[in-house]
Amino acid sequence: QLRGRDIVDERVLEAMERVPRELFVPEGERIRAYDDAALPIGHGQTISQPYMVARIAEVLALGGDERVLDVGTGSGYQAAVLAELAGEVFTIERIPELAEVAKRNLEAAGYADVRVEVGDGTLGLPEHAPYDAIAVAAAAPALPQRLYEQLETRGRLAVPVGGRGGQRLELIIRSPEGPAVVKSVPCRFVPLVGEGGFPR
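All of these numbers come straight from a predicted model, not from anything done at the bench.

**Student:** Give me the lowdown on the overall build of the protein, citing residues and values where you can.
**Tutor:** Each helix and strand counted, the protein has five helices and nine strands in total. Each helix and strand of the protein, placed in order from N terminus to C terminus, yields the pattern α-β-β-α-β-α-β-α-β-β-α-β-β-β. Compactness check: the protein gives a C-alpha radius of gyration of 15 Å against a globular reference of 16 Å for 200 residues, within 12% of the reference. By residue count, 52% of the 200 residues in the protein fall in the buried class.

In structure tokens:
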């Protein structure tokens, strides 16, 4: 499916092959685990469609030794894919019950090294910053400034930006001159809720 669309990074394709997506979806949805679709995971949240997970991973262009922050853990799937591609992965989820599920999923799939934290994802995890890359799996109304500030110089932030009805996935580079948007594709994600995102 991914090769048939425009995902060309072999490291990303191999990472997607290695991560057992069925372990990150509720039991009742496992028959659909490999559909190229977002699936419900409870608490009004979804696991992103494989194409968008691959797209975010590809635009971040990870080489293998980066420190990465994953915002909006959900069931833990994107964090697992990032763990295949980076050196160190931290992930933050605002819903404590989902964070617990994600921890269990990540351990069951062999990604116990991923650090799962509970909190407002729009504020990031400044105590572990700076990050080489930040992946956001929920839509922000504008550039999340607090996340941008936690990037290394030349660090990369992949975030859907726009309204609740539709967004564009933007790749933003931190530069001395300020944020530089270098890529943008249409997408649709659940809202990023929190101080720097949409209200609850």
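Still to come is the rest of the account.
**Student:** I'd like a rundown of the pattern of salt bridges, residues and numbers included.
**Tutor:** Opposite charge on two side chains makes pairing possible when the charged atoms of those side chains draw close. Tallied over the entire structure, the rule returns nine salt bridges. Where Arg-55 meets Glu-58, a salt bridge forms, and the shortest distance between an N and an O atom there is 2.9 Å. Note that Arg-55 and Glu-58 are positioned in helix H2 (residues 50-60) at a spacing of three residues, about one turn of the helix. Taken together, the salt bridges that share partners define one network made up of Glu-29, Arg-32 and Asp-35.

**Student:** Kindly report on the nonpolar core, identifying the contributing residues and their values.
**Tutor:** In a soluble, globular protein the nonpolar side chains are often hidden away together inside. In terms of nonpolar packing, the biggest core is built from 48 residues, with Met-16, Phe-24, Leu-60, Leu-62, Tyr-77, Val-81 and Leu-106 touching the most fellow members. With eight residues, H2 is the largest single contributor of residues to this core. Listed in part, the 19 residues of the second largest apolar core include Val-71, Ile-92, Tyr-148 and Leu-157.

So, how was this worked out
Residues numbered from 1 in each chain as written. Predicted model: local features only at pLDDT ≥ 70, side-chain atom pairs only at ≥ 80, totals over all residues. Heavy atoms only, no water. Helix = DSSP H or I, 4+ residues; strand = E, 2+ residues; numbered from the N terminus. Rg over C-alpha atoms; globule rule 2.2 N^0.38 Å. Buried < 20%, exposed > 50% of the residue type's maximum accessible area, 1.4 Å probe, protein only. Salt bridge = Lys/Arg side-chain N within 4 Å of Asp/Glu carboxyl O. Core = buried A, V, L, I, M, F, W, Y, C linked by side-chain atoms within 4.5 Å.

Everything listed here is a matter of coordinates, which is why it stays silent on function.
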